[in-house]
Amino acid sequence: MSAGKILIVEDEETLLEVLRYNLDKEGYTVVTAADGIQALNSARSESPDLIILDIMLPQLDGFEVCRILRKDITVPIIMLTAKEEEIDKVLGLELGADDYMAKPFSMREFKARVKAILRRAAAQSKPGEASVIRIADLAVDLGKHQVSIGEASVSLTPKEFDLLAYLAGNKGRVFSREHLLERVWGYDYVGDTRTVDVHIRWLREKLETEPSKPRRLITVRGTGYKIEG
Ligand code: CA
C-alpha cells in the first residue's frame, strides 16, 4: 500500500528527479508537474495528499498556484523557496501554505517534513472521538453531522446544526446574537439578530425536556446565548 500520493511541482529537472527518487523510495506515489498550469490540473485530477510547490515556475508562479488552490482545496502544501524575499512573502501573505523549505535543503530534512505534515493531516481528517462533542447526554458528531441525546437521535436542519455545533464547541462561553449571526450565518447574511432567537427556539424544542425552561441552551440576559457545559 502507498504511504500517500505526493504531487511535486518543480521546473528544475534535476531537483525534480532527486525529489521524486527520494519520495518514491519512501513508498509514496509520486506525480509531477513542471509549470503552474499543469500544477493546477494535476492537483485536481490526481487528488494528492500533499503538494510540494516550487515558487519560480513557468506560466503561473507558486504563489498564484497556492492562492488559486486554497480557494477550494485543503491539501497540505510545502513551498520551495530559492530567495530570502520569497520566504518573507510565504510567511507574510498568508497564502495558506503549511510549510516551506529554503533551497538548498537536505533530503533527510525534506523527508522528515513530508512525513510530519502527512501525519498531521491524517490525524486531523480521521473521524474519531475528537470529532464528537459530548455535553452530558448530548452528543454532537461534527464529522457525520448527527446529534443525539442519550440513545435517541435528533434531526436538525443544517443551520440548527451549525448553530448548535458552534455553541457546543465553545461550551460555557456566552456569545452575542451579532457574533453568532456572523459566525454561523456568515458575513454577507442579510437579516437581523431575530434569526438567531428563532433558531435557538427551534433547537430548544428539539433538545430540551421543557423548552420554556431550558437547561442546555441558556439565555444570558443582555448578552446572548451559551450552552451549559
Ligand atoms: Ca523553479
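Throughout what follows, the structure given in this document is the object of discussion. Positions within a chain are numbered from 1, following the residues in the order the chain's sequence is written. Residue-level local features of this predicted model are given only where pLDDT is at least 70; pairs of side-chain atoms are given and counted only at 80 or more, and the full residue set underlies all totals for whole chains, interfaces and linings. Hydrogens and water molecules were not included; the side-chain quantities draw on all heavy atoms of the structure.

Side note on the sheet that holds strand E9 (residues 152-154)
No. 1: Note on pairing: two strands pair once DSSP finds at least 2 bridges between them. Elements are defined by DSSP. Helices are runs of H or I of four residues or more, strands are runs of E of two residues or more, and each kind is numbered from the N terminus. Taken together, 4 strands build an open sheet; the order of strands is E6-E7-E8-E9 and the sheet is antiparallel. Unpaired on one side and paired on the other, strand E6 (132-135) and E9 mark the two borders of the sheet. Taken pair by pair, the neighbouring strands of this sheet meet at an average axis angle of 25°, ignoring direction.
No. 2: Of the pairings in the sheet, the one linking strand E8 (residues 146-149) to E9 comprises 3 bridges and is antiparallel in character. In the strand pairing of E9, Ser 148 is matched with Ser 153. Axis lines are fitted through C-alpha atoms, for helices just across the contact stretch, and the angle between N-to-C directions can take any value from 0 to 180 degrees.

Here's the deal with the coordination of the calcium ion
No. 1: Shown as donors are all N, O and S atoms within 2.8 Å of a metal ion, widened to 3.2 Å for Na, K and Ca; because water is not in the atom set, sites may appear incomplete. Bound to the calcium ion on the protein side are Glu 10 (OE), Asp 11 (OD), Asp 54 (OD) and Met 56 (O), at distances that span 2.1 to 3.2 Å.
No. 2: Summarised as a motif, the one-chain spacing of the donors to the calcium ion is E-D-x42-D-x1-M. Pair noted here: Glu 10 is in the loop between strand E1 (5-9) and helix H1 (13-25) and Asp 54 is in strand E3 (residues 50-54), with a separation of 44 residues, a long-range link.
No. 3: Given a relative accessible area of 3%, Asp 54 falls into the buried group. Partly exposed describes any residue whose relative accessible area lies between the buried limit of under 20% and the exposed limit of over 50%, with all areas from a 1.4 Å probe on protein chains only and scaled to the type maximum.

Quick notes on the packing of helix H6 (residues 158-169) against helix H7 (residues 177-185)
No. 1: It is the contact of H6 with H7, at a shortest axis distance of 10 Å, that shows an interaxial angle of 120°. Crossing hand, H6 versus H7: right-handed. Seen from H6, the contacting residues are Lys 159, Asp 162, Leu 163, Tyr 166 and Leu 167; seen from H7, they are His 179, Leu 180, Arg 183, Val 184 and Trp 185.
No. 2: By residue class, the composition of the contact of H6 with H7 is 6 nonpolar, 1 polar and 3 charged. By definition, any crossing whose near helix is turned counterclockwise from its far helix by less than a right angle is left-handed, and any crossing with a clockwise turn is right-handed. By the convention used here, residues are in contact when the closest approach between their heavy atoms is within 4.5 Å. Classes in brief: Ala, Val, Leu, Ile, Met, Phe, Trp, Tyr, Cys and Pro nonpolar; Asp, Glu, Lys and Arg charged; the others, Gly included, polar.

Examining the layout of surface pockets
No. 1: Put simply, the largest pocket is a space of about 180 Å³.
No. 2: As for the largest pocket, its lining consists of Ile 135, Ala 136, Asp 137, Leu 138, Glu 208, Thr 209, Glu 210, Lys 213, Arg 215, Arg 216, Ile 227 and Glu 228.
No. 3: Taken together, the residues that form the lining of the largest pocket break down as 4 nonpolar, 1 polar and 7 charged. In this analysis the probe radius is 1.4 Å and the grid spacing 1 Å, with only protein atoms considered; a cavity is a set of points the probe fits into but cannot get out of, a pocket is an open set with protein on both sides within 12 Å along at least five of seven lines, and lining residues have an atom within 4 Å of a point. Grid points are joined across faces, edges and corners, and a volume is the space filled by probe spheres set on the points.

As for the pairing of E3
No. 1: Within E3, 5 of the 5 residues are buried, which leaves it mostly tucked inside the rest of the structure.
No. 2: With burial as the criterion, each face of E3 is covered, one bearing Leu 50, Ile 52 and Asp 54 and the other bearing Ile 51 and Leu 53.
No. 3: Direction of pairing for E1 relative to E3: parallel, over a ladder of 4 bridges. Of the residues in E3, the one forming a bridge with Ile 8 is Ile 52.
No. 4: When the strands point away from the viewer and the connection leading from the first strand across the helix to the second strand turns clockwise, the crossover is called right-handed. Each parallel crossover has a hand, and the one from E3 via helix H3 (residues 62-69) to strand E4 (residues 77-81) is right-handed.

Notes on the nonpolar core
No. 1: Val 140, Val 147, Leu 164 and Leu 207 are the most contacted members of the largest nonpolar core, which has 27 residues in total.
No. 2: When contributions to this core are tallied by element, the ones reaching two or more residues are E6, strand E7 (138-141), E8, H6, H7, helix H8 (194-207) and strand E11 (224-227).
No. 3: For this core, the element with the most residues is H6, which contributes 7 residues.
No. 4: Once residues lying within four places of it in the same chain are set aside, the contact partners of Val 147 are Leu 138, Ala 139, Val 140, Ala 152, Ser 153, Val 154, Leu 156, Phe 161, Leu 164 and Leu 207.
No. 5: For this analysis, a nonpolar core means a set of buried residues of the types Ala, Val, Leu, Ile, Met, Phe, Trp, Tyr and Cys, connected via side-chain atoms within 4.5 Å. Residues Ile 55, Phe 63, Val 65 and Val 75 belong to the second largest nonpolar core, which totals 21 residues.

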